[in-house]
Structure formats: structure tokens, C-alpha cells
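Descriptive analysis of the structure
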Amino acid sequence: MTDLSVTPRDTKPPLGGWLPGIRLTETQAAVLNAAADELIPGGDGFPPPSEVDVISFIGRYVTPSGLEPRWFPFLGEDDFRARLDGLGQEFADATPVQRVTVLEGLERDEQEFFTRLRDVVYHAYYSRPEVIRAINRLPAGRDYRNSPQPYGYSDVMDDWDDELLSRVRGTYIRTEEVRRVAIPADLPMCSARQAREAGEN
Amino acid sequence: MAAYTETDVLVIGAGAGGGAVSKRLSDAGIKVVCLEQGDWVHAMDHPHMYDGWELERKRSWSFEPNVRKFPEDYPVTGNTTPYTFTGVGGSTLHYAAAWPRFKPVDFRKGTEHGVEGTIDWPISYEELEPFYAINDAEIGVARRTGDPGNPARPEGWGPASRGGKVGHKMGSGFDKLGWHWWPADNAILTRTKDNRLACNDCGFCLAGCPRHSIASTDVSYWPAALRNGVDLRVNARVEQINAKNGRATGATYIDRVTGQRHEVRAGIVVVAANSIGTPRLLLMSAQQGHPDGLANSNGLVGTHLMYHSWSFVDFWFDEPLEGFKGPEPAVLYSQEFYDSDPSRGFVNGFSLQVGTSLGAATSALGTNTGNLAPWGAGHRSFFNEHFGRHALIYVQGEDLPVRTNRVTLDPDVKDSSGLPAPHVHYELHENDRRLVEWGQQRAREAADAAGGVIDTTTSGIGGIDGPPPGWHIMGTCRMGNTPEDSVTNKWNQTWDVPNLFITDASSLTTGAAVNPTSTLQAVAVRAAEYIKRRHRDIASQTTTPSNADAPAL
């Protein structure tokens, strides 16, 4: 019987990530939420990441244990859990200032892992429906939607200004008008044409 | 060896060139087998409807085969990773679908300057124009006619894609400067055609299109080719083109599913495996009588690789531009600086193309040039000031065809079938560096003329990551004037093997300063028309005729 609840774990990265996504322990989840909240603090009408479930998104894109993390965001389950465990409840319970200090150290000393963590948190956060609604309150984001399809943006798309286009001027060189141009004398490599003319080749 | 198949024409590669050739030949009742090492991409395999759509751009839809790492991809070694896609449709599956034409001057760059390996094309714009028109009609181009900077073009299948706020803003900037500009032609439907839906301005173009609005070859040419009876074999990785007594006899391929080898025998062989894959395959096909590879007696196979020279310049403005809407890559273009003016310190010219942006995550992660929203306390203000206020101007320069920019075989790295990986070496010529530096300044002038720039960053010379990104891979088996300066004659017929043709971007003699797919496909249609009308002549040829002696259409 086919198990429809899981994603085939073959040789391609599954679109949408792996199902089921990895399930973090309570402490691991608290640590990841705490880190995400410092990376993208809430405010100005935007919720903190811990309130919009970035964890389930990230869980789908962490490569499950037993598979090589070959694809973006290049996070493997075993290593990812170990790093969250390394930060531990102490990080989750720390003040924002203390957490930022820890993250700055991570950014400085373990740049690769920090970059991967930051990137996946950014991707997760800006995919959440609650965040899209916050973006919709920005003047430049009022029409922004969760995904490009199925709706697209044809209903809210401006067309060309015919009056502006009527003023365009331009020209081109016709085939019969093509003439030799002078080659800048200081180009460091001589041209094939010059070489031929000099009888070198 | 399993039993072989016989056909009139064998086409290798089901991308832009192979699809166009297969369809046109089969229109005339010619029996065609096409071998494609990838598979079909299903409409639901595009990421446009998922919450992780922006993330998938870096993952399953990465431009780079070395990052994507699909089993059908082959690794590419060397100092750049070209952007290719493997499957029915080839690299059109993730292309921009910008659809400019080369200009007449582009076919006479040898006459104009001849710097480095530059030669004239053996054909003119006027000779190619009817095939541009045929191809445009086949794929359904969106166009606004009347561009005074180019020869007249026929009406499109639909009107030009809408420009949105970005188009109006940047068009106004070019207008103030008095510079040429025009809405971009795109191979993106603005009117429904066959079973393909018109674009709904979703703003996510470089990962194919689930509506089939973008004319990737799997949806533009292949449905008709299959109706015509073309035998398209997927997961069929060609190991070698076979030859005997100076003529191609067909090819041997590996079925990637079963691992078995098969042979297809054909009267004519057409290679269209992209400008990396085609020279790779010809070099892999070294055999008796062709010790340095097929069609390579002059050593030119793989040489004169061109990528275009690039710089991306991101601009953010003090007003909403909503660049997440509308066709992403090419809203409009300016060809004010297209023609050579040596007083600038370089030959050749460039297009300034205006592009848009993706969504919120891409905005936070630096858009096109790594202008990253800081984490922590400064994140919110940066994001709120940058999101939806962006326009991209990219400098797209014509790079010189440098002979040492080339594709060779890597002796140490193999693909999943055990075949050698291609090795690519590419460096910008000093001429191209100067061109891009100068172009960056013009991009800034255009943005300043538009007004209200609050931030800008650039990728520097050579695209996003330092080395030039190989979106446009051209020239490695170029057509030319003599067996000494090229790999094929003016009908895409290899000088060494008269019944072996090359119909992808590797046959482009120069790269111009515009996206190449429109031209490579027009050239492929022209070559197919020649094969269609002249296959009896080709069948009797023991040597490839010179351009002067070759039969006319």
C-alpha cells in the first residue's frame, strides 16, 4: 500500500521540502524560536517569528537524518539538532541582549552555519500568511500575495503610458552601413585582424 | 547491443534548437528520432503555488546544475558554472523568455572591428529575418511594434507584457535623458494560444511557468512535434555520435532508467545539446578517422565560448514600484549604447535592460546584488524601506569571442553514466571589462534621471558572484566563412561531416548584446528548412560545400 503521508526520499530535492518535516523537541523548538526572534524582531505591525510558526516551515527544509544535506539550505537534521542542543535552554531563557551576543559570536566564528540558519529563517518568516498581511499594510506591498499563483497580479497591474512611448527616438546601423571602426590603441591584446595584417598568422 | 532503430534524421537534445528542428522537419513528414537525457517537467513541478517558492529558486530550480544535482544533470568543472537545465525543453525550462532580435550590425562584427576571434557571420540579418518571423509565430511572442531602434518586426501574437510601475518609472528616466528605450519583446503569451494560458503577471518567471505562458520548448514546439509523430526518447543520454567513411551514421545512447545501450541509425544527425553539451558530445565522439573529436579537425570545437558580459545594478526608490508583479526579467530595454564607439575605450556595445524583483524573502536576502537586510534591530526598517521599491538595471554587454574561452573534457570527473564532464574556462577580455564599467555609469544616470534613488548596490563586473554568470552560453561550434575559421558552414553543416548539423547556441558566430534564444531558434528553423528541402543533396555529399557552393533554399 502506498503511504501518501511521506515524501519519496529519492535523488531529487522534493518540491516543498520533505514530508513529514522533522519534529523538534520542546527545548530545540524554544531555542530556534528564540534565535529567529532575534534575527527578525517583531514590531511596526509585524509579528515575531515565534508567533507565526517558522518552525514547521524550517522542519520541511532540514534534510532528514540518514540523507546527505545536498541541497539549499544545506541543513542536516543530526547537525541541526546538535547545534540547537548546544545552545540549549540557557539560550532560550536568556535576555534579548544575551541572545544577540551569542548570535554575534556564531556569525563571527561559525559563519557557514550562521548564514544557513539566517537564510532559512528569512525564507520561513516571509512565507507566513500573518507576515504577508503585515506587508500588505506597507504602501509598496498592499497587493502582495502569499504565492505567485494561482492568482497572479493582472488585476492590479499598470500598463504602458502611450504618451511616453510616442516620444521614443532611436536608430540602428543598417547592414550596408557597417564600416570599420578604429580599435582603441590601448587594448592590451592585439586583434586577430591586426595580427593577420601584420602577417603573424 | 540491443537492436538498432533507423530514422531519417536523428536530433540530439530536446531544447530550443532540437525542439524547433524536430517540429519543422516532422511538419514535412520527415521521420525524426530525438534523444533527450532528461525527462518531462510536470506543471505541478513548478514552485509557483508553494509557500517556499522563493526558497525553491535556490534549490530544485537553481540555475546551476552543480547546485541542483539532479541525476539527469551532468557536472560542469572549471572556473564558472554555466546555467543550464536538463529535460524536454532544455534551458528554456528556466529561461527569462526575453525575446529581442540581434541587430543587423551584429552579423558584421568582423567587418566592424575583428577584435580577438571576431568574424562576420556568413549570413545577414535580412537572410535570417524570415525565420525570426516563422519562429515568433510558432512560439507566440508578445510585442509592441514601432521600436525605432530596430528594423521593423511583425505584430506579435499578443501585445507587449505590461510594464507596471517599474516600466513607467524607468521609461520616464530614459525619456528625460532622451535615450532610446522600448517595451521588451517576450516569449510570454499575453493572449491564449493552443492549450497555453495567457500570462497573469505573477512575477516569477525564471523557474518555468505552470500556466505554460512562457514559451519553453516543451510547451511551444513539442506538442506539435509529437502529433507529427516524432519519436522523442527521454532519459536517453548519448554516449557517442557514430561515424563511418566521413559521414555520421547515428548515435549510441544509454537509457538512464535501465542502463542499457541502444543505437539509432540515421541519414542525417542534428546536434542541439547546448553550447556546453554539444562540444562535449563532439569531443566524446573521437573515433577512427576523427581522433580529436567529431567535426574537430581544425581544433575549433569548444572554442570561442561567449557568455555576455554583465553587471547588475539594483536601485531602490522613495516610492512604491511593486516589482513583484509582471514578467520578471525584462520590462524594457535601452539600446542607446548598442553600437561600437571606440572613443569610449572599447569596441562593441550593450543593452540596458530593466528587470523587476521577486518577493519578500528575496528582498530581505539582498535582491540581485547581495544588499542584505541586516538581522536584529535594523532589520525592520531596512525591509520596510526596500521591499517593493526596487528596480534592476542590468548591463548586458557583447563579449568578444576569445579563442581560449572554451569547453574541454575533464579527464577526472564523470557524470552518473560514467561519461566525462565538460570543463569550462572563461575569462572576460579587457575590452569587455571596460564596456561593463562604462555601462554601469550609464545605468546610474538612468536611475538618477528617474529620480528618488534611496539606495543602490551592484554586483560589480561579471554578474552576481564574480565570474560572469553563464546564462547565455554561445559560440563553441560557430558557423563561419571557411573551414579555417569555424565549425559549420552557413547552413549549420559541419565542415568535416556533411550530414552532421549543429543547431543550438553553439553555432552563433557572435553573441550580440541581447538574449540569444530568439536568434538561436531562428537559426535552427532556417537550418531545418534547408535540411527539409535539400536532404537529397545532403545525402549525396561526401564533402561539405563551401558557402558559395552550397545549394540555396
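As a reminder, the structure under discussion sits directly above these lines.
In this report, the structure presented in the accompanying data block is examined. Note that the structure is a prediction, hence the values are computed from the model and not measured. (Residues numbered from 1 in each chain as written. Chains lettered and ligands numbered in written order. Predicted model: local features only at pLDDT ≥ 70, side-chain atom pairs only at ≥ 80, totals over all residues. Heavy atoms only, no water.)

1. Here's the deal with the overall build of chain A
Within chain A, the regular secondary structure consists of eight helices and zero strands. Element order for chain A, N to C, with α for helix and β for strand: α-α-α-α-α-α-α-α. (Helix = DSSP H or I, 4+ residues; strand = E, 2+ residues; numbered from the N terminus.)

2. Regarding the interface of chain A and chain B
If you look at the interface, chain A gives 86 residues, while chain B gives 95 residues. Summed over both sides, the interface of chain A with chain B buries roughly 7,800 Å², with 62% coming from carbon and sulfur. Interface area lost by chain A to chain B is led by Leu15(A), Gln149(A) and Trp160(A), which between them contribute 11%. At the junction of chain A with chain B, the criterion picks out nine salt bridges. (Contact = heavy atoms within 4.5 Å. Buried area = accessible area lost by both parts, 1.4 Å probe. Salt bridge = Lys/Arg side-chain N within 4 Å of Asp/Glu carboxyl O.)

3. Digging into helix α5 (residues 111-125) of chain A
Residue and element names in this part refer to chain A. Taking 1.5 Å of rise per residue, the 15 residues of α5 would be expected to cover 21 Å, and the 21 Å separating its terminal C-alpha atoms lies within 8% of that figure. Burial analysis of α5 places 11 of its 15 residues in the buried class, the great majority of the element. For α5, the set of buried residues is Phe113, Phe114, Leu117, Arg118, Asp119, Val120, Val121, Tyr122, His123, Ala124 and Tyr125. (Expected span 1.5 Å × (residues − 1). Buried < 20%, exposed > 50% of the residue type's maximum accessible area, 1.4 Å probe, protein only.)

4. A few points about the environment of Leu67(A)
The residue Leu67(A) is located in the loop between α2 (54-61) and α3 (77-93) in this model. Distance from Leu67(A) to Ala134(A), taken between C-alpha atoms, is 37 Å for residues 67 residues apart in sequence.

5. Re the packing of aromatic side chains
Aromatic ring pairs are defined here through the distance separating the ring centres and the angle between the ring planes. Evaluated as defined, the whole model comprises 37 aromatic pairs over all chains. Measuring from centroid to centroid gives 5.1 Å for Phe57(A) and Tyr61(A), while their planes differ by 45°, and the two rings are tilted. In this pair, Phe57(A) and Tyr61(A) are both assigned in helix α2, four residues apart and thus about one turn of the helix distant. The residues Phe57(A) and Tyr61(A) share a single accessibility class, namely buried. Judged by centre distance (5.7 Å) and plane angle (55°), the ring pair of Phe114(A) and Trp375(B) falls under tilted. (Phe/Tyr/Trp six-rings, centres within 6.5 Å; stacked < 30°, edge-to-face > 60°.)

6. Some remarks on unusual backbone geometry
All names here are of chain A. Of the consecutive residues leucine 19 and proline 20, the connecting peptide bond is found in the cis state with omega at -5°. With respect to the element layout, proline 20 can be found in the segment before α1 (26-39). Note the cis peptide between phenylalanine 72 and proline 73, where omega equals 10°. In this structure, proline 73 sits in the loop between α2 and α3. Even without glycine at this site, aspartate 53 takes up a positive phi of about 60°. Of the residues examined, aspartate 53 reaches a relative accessible area of 40% and is grouped as partly exposed.

7. Points about the side chain of Glu263(B)
Assignment of secondary structure puts Glu263(B) in strand β8 (residues 261-271). A relative accessible area of 13% places Glu263(B) in the buried class.

8. Looking at the packing of helix α1 (residues 16-27) of chain B against helix α13 (residues 517-540) of chain B
All names here are of chain B. At their nearest, the axes of α1 and α13 sit 8 Å apart, and the two run at 35° to each other. Of the two elements, α1 crosses α13, and the hand of that crossing is right-handed. Along the contact surface, α1 presents Ala16, Gly17, Ala20, Val21, Arg24 and Leu25, while α13 presents Thr517, Leu520, Gln521, Ala524, Val525, Ala528, Glu529, Ile531 and Lys532. Here the residues of the contact of α1 with α13 sort into nine nonpolar, three polar and three charged. (Axes fitted to C-alpha atoms, helices over the stretch in contact; angles between N-to-C directions. Left-handed = near helix turned anticlockwise from the far one by under 90°. Nonpolar A, V, L, I, M, F, W, Y, C, P; charged D, E, K, R; others polar.)

9. Here we look at the pattern of salt bridges
Using the criterion set out here, one finds 49 salt bridges over all chains in the structure. Here Asp109(A) makes a salt bridge to Arg108(A), at a shortest N to O gap of 3.4 Å. As far as the burial class goes, Asp109(A) and Arg108(A) line up, both exposed. Each member of the salt-bridge network shares a partner with another, and the members are Arg142(A), Asp143(A), Asp158(A), Lys165(B), Glu322(B) and Lys325(B).

10. Brief notes about the sheet that holds strand β4 (residues 182-183) of chain B
Residue and element names in this part refer to chain B. The sheet built from six strands is open, its strands ordered β4-β10-β11-β12-β9-β15 with antiparallel pairing. In the strand order of this sheet, the two ends are held by β4 and β15 (453-458), each with one partner. Bridging between strand β9 (residues 309-317) and strand β12 (residues 390-397) involves eight bridges; their strand directions are antiparallel. Bridged to serine 309 within β12 is glycine 397. Against the sheet, helix α12 (residues 430-450) contacts β9, β11 (350-355), β12 and β15, and its axis sits at roughly 20° relative to β9. (Pairing = 2+ DSSP bridges.)

11. Side note on α2(A)
An α-helix turns once per 3.6 residues; consequently, residues spaced three or four apart project the same way. Burial analysis of α2(A) places seven of its eight residues in the buried class, the great majority of the element. Buried within α2(A) we find Val54(A), Ile55(A), Phe57(A), Ile58(A), Gly59(A), Arg60(A) and Tyr61(A). Its buried side turned inward, α2(A) meets α1, α3 and α5 of chain A together with α2 (53-56) of chain B.

12. Structural notes on the sheet that holds strand β3 (residues 77-78) of chain B
Residue and element names in this part refer to chain B. Across the sheet, three strands lie side by side as β3-β14-β13; this open sheet has mixed pairing. Either end of the sheet is taken by a strand with one partner, and the two such strands are β3 and β13 (406-414). Pairing of β13 with strand β14 (residues 420-425), which is carried by five bridges, proceeds in the antiparallel orientation. Counted as the bridge partner of lysine 414 is proline 420 from β14.

13. Let's talk about the pairing of strand β6 (residues 236-244) of chain B
Residues and elements named next belong to chain B. Pairing of β6 with strand β7 (residues 247-255) involves eight bridges; the strand directions are antiparallel. Residue pairing for β7: lysine 244 is matched across the bridge by arginine 247. Where β6 folds back onto β7 in an antiparallel hairpin, the turn is made up of two residues, including asparagine 245, whose phi is positive at roughly 55°.

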